[in-house]
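# Architecture and fold: a report
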Amino acid sequence: MQVLRVEDLTKEFSGVRAVDALQFEVARGKIFGLLGPNGSGKTTTIRMCLGIIPPDAGTVEVLGSPDPLRVRERIGYLPEERGLYAKMRVADQLAFLGAIRGLDWPTAKRRAEWWLERLGLKDRMSSLTNELSKGMQQKVQFAAALLHQPELVILDEPFSGLDPINTRIFKDILLEEKRRGVTFVLSTHRMEEVEAMCEEICLIHSGRVVLKGALSEIKASYGKASVALEYEGQGGDFRGLPGVVSVQDSGRKARLRLAPGADSQELLKALVERVRIRAFRLEEPHIEEIYLQEVGAAELLSRKPGGDFRREEVHP
Amino acid sequence: MKRHQVYHIVRREFLARVCNKAFIFSTVLVPVLLGAYTFLVPVLFRGTTTDELRLGLLYVSEAYVEEVVAALDRIERPKVIVVERQGVSLAQRDEVRGRWSERVKQGDLDGYLMLEPSEELLFNARYFARETGNIEILVRLEDALRSVLLQAVLEGTGVPLEKVARVQRAELEIVRISERGEEKGGFGAAFFSTFALAFLLYLAVLINGQGMAMAIVEEKASRLIEVILGAVTAMEFMTGKIIGVMLSGLTQLGIWVGCTLIAVLYALPAVAVSLPPDLGLANLVSLEMLFYFSVFFLLGYLLYTTIFAAVAATCTSTEELSQALFPAMLLLMVAFFGVFFAIPNPDATVTRVLSLIPFFTPLVMLARINVLSPPHWEILLGILLLIVGVLGCFWFCAKIFRFALLLHGKRPTFAEIVRTLRAA
């Protein structure tokens, strides 16, 4: 069953198409990754999915309703740009955010306290919000998106600015909620998270879908065309080597992306002459490589000839 | 529109407004200041008025000097004591005056009177003093000198002085005929009560409306707005905010009115002596007036908070806000100063037109009703136009809210707003 269905969604801002005939579906109980570079139209898409702004064309169907506003009490939303009332007590604030999502006040208050306890903020319940650290405030915002037990939760860059411990806590909560059947839409450009959490993705660029589907299928379709290399010595630039289209070199480890049909044995031979190889493994590509490749290709397509190329490591 | 959500926005907004230093401060301070003004000032003035006025008397001709001294002696408050008198020739006059002025400067004398013969009147008098701002003293001195002149003129005519003095004190009793019937009390009462009511409205809008506008900008700046807009619509958000601010304004007004009533019931009788005689409570505010005040307060307050909210929605920082609010404040100020014009000219064409323009109706029409009782159809039309204005503003503001709340960075120009609204 689809929790979110977007069809031909289009939005223009003063002549610029921010979202262009976008089409994707999110199945219940999944973690869905909405990916794309800055300015690709992710936030605009999310806002239309929530009914915050109306689309110019196309439809959005959320939880079976063509009007997101009618089911908004069943949706949780953590915007990328988020704030809190500075002069409000933490528990009241959280309860308020729950109440405007339809909870009655006693329930909102009780759940707020429960969440604050769960997030280790029990002793800060009656502090003013501006007395909390940034990380603590993020926890409150995160709880606000889940307080009313929504069926669909849309998180826009949920992990930005989080330290590793809090990231861990958020991920645990997210997975726990997922197990209870909650569907998540995760908008991000942090590819490790996508790799680790998302089951389905939709990659957009300039408001258009570049790639979508189950992550495992997408990766499989790219074949084992990536080389995970561990090496020692000064290898110089791997980019000129036979069959290599892109390189991510970290000094001791590198990932080399092969052109379709390229012979990995040729590459191995060439590498042996340059560096001391400790590991050479053929793998499915990381989502980051796919992302760079697809976005790079899309960017090339959308550029006029003779334009500047910023992303040098991509050679499609 | 979901009532549950709106209720919680209202509740939060109300609490945020009321549990706020500025609110508490202004709620307490305004009655204290008004109280101080109405009750303390007369008391204080009474206290500072010198109990004793030490005067000198300089004269060129002996004639009437005795009578003047006697008349000055009869002044009771302040007690006038003629400490010194001296006759001078016209040639010496300026030299002696110079010396006396020096003595006044040094505080040896509070002032001195100089009498000179006059062809038209019997004498001319001039008063030289350090302090010439106290009208009470000046009036008393003038009265004393007039009585001397009058006595001298009447001497031998057989007309009794007493009668003439009474004639001089005769007053014109002012009775206003209106649809409410006849009322005593003239300009003073109308001016005072209209001004007080207009000021209350003006102040409440200014304090609460500005507070709300600031809060909206802060919600935008802290990016809280998107969290909220994920849960409620812009319309619900705006409605909740405006109602919340409205309630806080009414609370404030309630406290002020309560304070005034307490003051009137308990404190007024004690100091009533110091107020002008036509300022009786019944003269100040009638029930009908209270009704109109409530109507215009509610509608005016709604109109202006809506405008303030719309302006705030387009701003991204508080610095920007104060600049952007200026035109709205100007409207309010024009309305407020319109009251000063409307009180003496309640039926002038300008006043009538002003009182029918929604932005000015709450204050100007209120003033007109208070001093003139304009025809019912005009009042009704004013209220009707005001309601239309409020609804129009609300509609316009909701549109602005919808598109401007999520805008950051540069503030849209008015032309851009209009263009976007037309496109939407």
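Because the structure is predicted, anything quoted here is derived from the model rather than measured.

Another aspect to go through is the overall build of chain A. Within chain A one finds 9 helices and 13 strands. Taking the principal axes of its C-alpha atoms as reference, chain A extends roughly 70 × 45 × 35 Å. When each of the 316 residues of chain A is scored for burial, the buried share is 52%. Taking contacts inside chain A between residues at least 6 apart in sequence as the whole, the part at least 24 apart equals 67%. Carbon and sulfur atoms make up 48% of the accessible area of chain A, which totals about 14,500 Å². Of the charged side chains in chain A, 46 are positive and 46 negative; the average position of the first set lies 3 Å away from that of the second.

A few words now on the sheet that holds strand β1 (residues 2-13) of chain A. Residues and elements named next belong to chain A. The sheet built from 3 strands is open, its strands ordered β2-β1-β4 with antiparallel pairing. Looking at which strands have only one partner, the edges of the open sheet turn out to be β2 (16-27) and β4 (57-62). Here the average twist between neighbouring strands, direction ignored, is 15°. Alignment of β1 against β2, held across 8 bridges, turns out to be antiparallel. When the bridges of β2 are listed, Val-6 appears paired with Phe-24. This element, helix α1 (residues 42-50), spans β1, β2 and β4 of the sheet and lies at about 120° to β1.

With respect to the helices and strands, the residue Glu-113 of chain A is situated in helix α3 (residues 105-118). When the C-alpha atoms of Glu-113 of chain A and Gly-33 of chain A are compared, they prove to be 30 Å apart, with 80 residues separating the residues in sequence.

The next point concerns the sheet that holds strand β2 (residues 79-87) of chain B. Residue and element names in this part refer to chain B. Strand order in this open sheet of 4 strands is β2-β1-β3-β4, and the pairing throughout is mixed. The open sheet terminates on both sides in strands that have one partner only, identified here as β2 and β4 (123-129). When strand polarity is set aside, the average angle formed by the axes of neighbouring strands in this sheet is 25°. With 7 bridges connecting them, strand β3 (residues 111-117) and β4 associate as antiparallel partners. Looking at β4, one finds that Tyr-112 is bridged to Phe-128. Where helix α3 (residues 65-74) meets the sheet, it contacts β1 (52-59), β2, β3 and β4, and its direction lies at approximately 160° from that of β2.

Another aspect to go through is the nonpolar core. Counting residues in hydrophobic clusters, the biggest one holds 163 residues, and the most contacted among them are Leu-4, Phe-24 and Leu-94 of chain A together with Phe-401 of chain B. Element by element, the count of residues in this core is highest for helix α11 (residues 287-313) of chain B, at 17 residues. Apart from residues lying up to four places away in sequence, Phe-401 of chain B is in contact with Ile-216, Ala-234, Phe-237, Met-238, Ala-309, Ala-310 and Ala-313 of chain B. In terms of nonpolar packing, the next biggest core, distinct from the first, is built from 21 residues, Leu-53, Ile-75, Leu-113 and Leu-145 of chain B among them.

All names here are of chain A. Per the stated rule, a full pass over the model turns up 42 salt bridges over all chains. Two residues, Arg-17 and Glu-12, come together in a salt bridge whose shortest N-O distance is 3.1 Å. The class of Arg-17 is partly exposed, set by a relative accessible area of 43%. The salt bridge involving Arg-168 is made with Asp-172; its shortest N-O contact spans 3.2 Å. Here Arg-168 and its partner Asp-172 are both found in helix α5 (residues 164-179), 4 residues apart, which amounts to about one turn of the helix.

It is worth spelling out the side chain of Glu-116 of chain B at this point. Residues and elements named next belong to chain B. With respect to the element layout, Glu-116 can be found in strand β3. Take Glu-116: its relative accessible area is 13%, and that puts it in the buried class. Side-chain polar atoms of Glu-116 contact the side chain of Arg-126, separated by 3.5 Å. Once residues within four sequence positions are removed from consideration, Glu-116 is found in contact with Val-60, Arg-93, Phe-123, Asn-124 and Arg-126.

What follows is about the confidence of the model for chain B. Residue and element names in this part refer to chain B. In the predicted model, chain B carries a mean pLDDT of 80, and 85% of its residues have values of at least 70. Taking the mean pLDDT of every element in chain B, the minimum, 50, falls on helix α10 (residues 281-284) and the maximum, 89, on β3. Two numbers describe this predicted complex: its pTM, 0.72, and its ipTM, 0.76.

Here we come to the pairing of strand β7 (residues 183-188) of chain A. Regular strands have side chains that alternate between both faces of the sheet. All names here are of chain A. The buried fraction of β7 is high, at 6 of 6 residues. In β7, alternate side chains face the same way, and those of Thr-183, Val-185 and Ser-187 on one face and Phe-184, Leu-186 and Thr-188 on the other are all buried. Looking at chain direction, strand β3 (residues 31-35) and β7 are connected through 5 bridges and run parallel. Its bridge partner lying in β7, Leu-34 is registered against Ser-187. Both strand β6 (residues 152-156) and β7 contribute to a ladder of 5 bridges, which runs parallel. Directly across from Leu-152, in β7, lies its bridge partner Thr-183. Each parallel crossover has a hand, and for β6 linked through α5 to β7 it is right-handed.

Quick notes on the rules
- Each chain has its residues counted from 1, following the order in which its sequence is written.
- The lettering of chains begins at A and the numbering of ligands begins at 1, in the order of writing.
- The predicted origin of the model limits local features to residues at a pLDDT of at least 70 and limits the giving and counting of side-chain atom pairs to 80 or more, whereas totals for whole chains, interfaces and linings rest on all residues.
- Neither water nor hydrogens contribute to the side-chain values; these are computed over all heavy atoms in the structure.
- Runs of E in the DSSP output that reach at least two residues are strands. Runs of H or I that reach at least four are helices, and both are numbered from the N terminus.
- The buried label applies to any residue whose accessible area, calculated with a 1.4 Å probe on protein chains only, is under 20% of its type's maximum; exposed applies above 50%, and partly exposed to all values in between.
- Any pair of residues with heavy atoms lying within 4.5 Å of one another is described as a contacting pair.
- Each accessible area value is a Shrake-Rupley result obtained with a 1.4 Å probe; residue values ignore everything except the protein chains displayed when judging cover.
- Residues scored as positive are Lys and Arg, those scored as negative are Asp and Glu, and His as well as the terminal groups of each chain are ignored.
- A charge is said to be at NZ when it belongs to Lys, at CZ for Arg, at CG for Asp and at CD for Glu.
- Each pair of strands is called paired provided DSSP finds at least two bridges between the two strands.
- All axes are obtained by fitting lines to C-alpha atoms, using only the stretch in contact for helices, and the reported angles, taken between N-to-C directions, cover 0 to 180 degrees.
- For the purposes of this section, nonpolar cores are sets of buried Ala, Val, Leu, Ile, Met, Phe, Trp, Tyr and Cys residues that join through side-chain atoms within 4.5 Å.
- By convention in these notes, a salt bridge is any Lys or Arg side-chain nitrogen within 4 Å of a carboxyl oxygen on Asp or Glu.
- Identification of polar contacts relies on pairs of N or O atoms within 3.5 Å, with a donor-acceptor requirement for protein atoms, meaning one able to donate a hydrogen and the other able to accept it, and with residues adjacent in sequence counted only if both atoms are side-chain atoms.
- Each residue carries a pLDDT score, the predictor's own confidence in it, on a scale running from 0 to 100.
- By convention, a crossover is right-handed whenever its connection, traced from the first strand over the helix to the second and viewed with the strands pointing away, goes clockwise.

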